[in-house]
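Coordinate inspection notes
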Amino acid sequence: MSPTYEVRVDGHLDAHWSARLAGLVIRHHPDGTTTLTGPIADQSQLHGVLNGLRDLAAPLLSVDSPGTRSVESRGTLSVESRGAAATAPPDPLGRVAWPRATDRLTIRRAVRADADATFAFRRREEVGRWLTELPSDPARYRRTFADPQRLATTLVIEHGDRVVGDLMLRVEDAWTQAEAAPHGRGLQAELAWVLDPAHSGRGYATEAVRELLRVSFEDLRLHRVVATCFADNEPSWRLMDRVGLRRELHARADALHRTGRWLDTYGYALTAPEWAPAIRTPLRRNEFR
Ligand SMILES: CC(C)(COP(=O)(O)OP(=O)(O)OC[C@H]1O[C@@H](n2cnc3c(N)ncnc32)[C@H](O)[C@@H]1OP(=O)(O)O)[C@@H](O)C(=O)NCCC(=O)NCCS
């Protein structure tokens, strides 16, 4: 039988999200939190629920199940097991040496103190237009930004001492058949990017995302990375074309924009064998393959 979990988030989450979150029972509490309770079959399903909550911008407070207790350490929420089976979601970005320097930029892990700098550009309509949320309340944004699940997957881009953008690198399990599940853990990542419009048009996003691919394939040894954007978001898909990601999906009217319009989505991906020869090692003179 699957163990019962209780996941607690800040704020009141609408009950209709239950269907998207493994059918967990959603209860609101007077302290302004919501619990989601129910059986979760395995770690992969748990990660699905946690990623779903992140997509809904619901700040995660705790994850508990019989035999486990959640702990917060170094800004990253992990689940410590008291039983035999370890259920701790790993911190994949912890395996990478940060910061990363590119020609003009520094990329490092985000910390809570980056909330205000990222809010300054994410609150702008021309930026938020393409993102899950257009934040307007700094206090709420700070809480969401400090969600350990979010911090664990967020990087910031610095030019000099200014934060000019942020990136997401969210490692996930690859889809596998049940028997192959242990071999697909943590081998895929979803990537995303945001650049302060004050710094666009100079190739900073291109430079940062190229480094993100290097981290994904060289440091984390991932099998595949994916990224999506609204088909109307031309700067984003042009960026993906520029860095060598491959468009492999065009979903028609699958995303409801806050303007009330159903928009198309482009899905891009790149696998390690595609990346390595094409991008990682440009051929030097007199070098042949
Ligand atoms: C998507 C986004 C990051 C792209 O930003 P961008 O400024 O177009 O991308 P870059 O920083 O790589 O700059 C590329 C531009 O600079 C130019 N450029 C100048 N110097 C360059 C260099 N050294 N290298 C590459 N491009 C350079 C390019 O020609 C290009 O201009 P063009 O679009 O007129 O051809 C930005 O539009 C954004 O943050 N949008 C809002 C958030 C968003 O949509 N996120 C994605 C959600 S899916």
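About the criteria used
- Residues numbered from 1 in each chain as written.
- Predicted model: local features only at pLDDT ≥ 70, side-chain atom pairs only at ≥ 80, totals over all residues.
- Heavy atoms only, no water.
- Near = heavy atom within 4 Å.
- Polar contact = N/O pair within 3.5 Å; in protein donor to acceptor, adjacent residues only side chain to side chain.
- Areas by Shrake-Rupley, 256 points an atom, 1.4 Å probe, with all protein chains shown as cover.
- Helix = DSSP H or I, 4+ residues; strand = E, 2+ residues; numbered from the N terminus.
- Nonpolar A, V, L, I, M, F, W, Y, C, P; charged D, E, K, R; others polar.
- Salt bridge = Lys/Arg side-chain N within 4 Å of Asp/Glu carboxyl O.
- Buried < 20%, exposed > 50% of the residue type's maximum accessible area, 1.4 Å probe, protein only.
- 1 Å grid on protein atoms, 1.4 Å probe; cavity = no way out; pocket = protein on both sides within 12 Å on 5 of 7 lines; lining within 4 Å.
- Points joined across faces, edges and corners; volume = space filled by probe spheres on them.
- Domains from an automatic or database assignment.
- pLDDT = per-residue confidence, 0-100.
- Contact = heavy atoms within 4.5 Å.
- Phe/Tyr/Trp six-rings, centres within 6.5 Å; stacked < 30°, edge-to-face > 60°.
- Axes fitted to C-alpha atoms, helices over the stretch in contact; angles between N-to-C directions.
- Parallel < 35°, antiparallel > 145°, perpendicular 65-115°, else oblique.
- Left-handed = near helix turned anticlockwise from the far one by under 90°.
- Pairing = 2+ DSSP bridges.

**Here's the deal with the site of the ligand**
Of all residues adjacent to the ligand, which total 21 residues, the nearest are Trp193, Leu195, Thr206, Asn233 and Arg238. Measuring from an oxygen atom of the ligand, one finds a side-chain N or O atom of asparagine 233 at 2.7 Å. In the complex, 70% of the free accessible area of the ligand, which totals 940 Å², lies under the protein chains. Mapped by element, the contributors of at least two residues to the shell around the ligand are strand S11 (188-195), helix H6 (204-219), strand S12 (224-230) and helix H7 (234-243). Looking at the shell around the ligand, the element that brings in the most residues is H7, giving 4 residues. A breakdown of the residues in the shell around the ligand according to their chemical character gives 10 nonpolar, 7 polar and 4 charged.

**Concerning the pattern of salt bridges**
Should their charged atoms come close, side chains of opposite charge can pair. The tally for this structure, following the rule as stated, stands at 24 salt bridges. Residues glutamate 218 and arginine 214 are paired through a salt bridge, measuring 3.6 Å at the closest nitrogen-oxygen approach. Placement of the pair is glutamate 218 and arginine 214 together in helix H6, with a separation of 4 residues, close to one helical turn. Assessed through its relative accessible area of 29%, arginine 214 is described here as partly exposed.

**Some details on the layout of surface pockets**
Computed from the structure, the second largest pocket encloses a volume of approximately 680 Å³. Lining the second largest pocket are 33 residues, and of these His47, Asn51, Val171, Glu172 and Asp173 lie nearest its centre. Only helix H1 (43-55), strand S6 (76-81), helix H5 (148-151) and strand S10 (162-172) provide two or more residues apiece to the lining of the second largest pocket. Looking at which element gives the most residues to the lining of the second largest pocket, the answer is H1, with 6 residues. A class-by-class count of the residues in the lining of the second largest pocket yields 14 nonpolar, 11 polar and 8 charged. Three or more residues apiece are contributed to the lining of the second largest pocket by two domains, here domain 1 (4-81) and domain 2 (92-280).

**Describing the confidence of the model for the protein chain**
When pLDDT is averaged across the protein chain, the result is 86; 87% of the residues are at 70 or more. When the criterion is pLDDT under 50, residues 67-88 qualifies, and its contacts beyond four places in sequence or with other chains add up to 46 contacts. A low-confidence stretch, residues 281-289 stays under pLDDT 50, and its non-local contacts, those more than four residues away or across chains, total 4 contacts.

**Section: the packing of aromatic side chains**
Any aromatic ring pair is given by two values, namely how distant the centres are and how the planes are angled relative to each other. Counted according to the given criterion, the structure contains 5 aromatic pairs. When the ring of phenylalanine 119 is compared with that of tyrosine 141, the centres are 5.3 Å apart and the planes differ by 50 degrees; the resulting orientation is tilted. Remark: tyrosine 141 occurs in helix H4 (residues 138-145) and phenylalanine 119 occurs in helix H2 (residues 115-122); sequence separation between them is 22 residues. In terms of burial, phenylalanine 119 and tyrosine 141 fall into one category: buried. Considering the side-chain rings of tryptophan 130 and phenylalanine 230, the 6.0 Å spacing of their centres and the 50 degrees angle between planes classify their relative orientation as tilted.

**Considerations on the packing of H6 against H7**
Remark: H6 packs on H7, axes separated minimally by 10 Å, with the N-to-C direction vectors making an angle of 55 degrees. Relative to H7, H6 is oriented oblique. Viewed along their axes, H6 and H7 form a crossing whose handedness is right-handed. Contacts between H6 and H7 pair Ala205, Thr206, Val209, Arg210 and Leu213 from the former with Leu239, Arg242 and Val243 from the latter.

**Focus on the pairing of strand S2 (residues 25-28)**
On any regular strand, side chains alternate: one points to one face of the sheet, the next to the other face. Bridging between S2 and strand S3 (residues 33-39) involves 4 bridges; their strand directions are antiparallel. Residue isoleucine 26 lies in a different strand from S3, and its bridge partner there is leucine 36. What sits between S2 and S3 in their antiparallel hairpin is a turn of 4 residues, with glycine 32 showing a positive phi close to 85 degrees.

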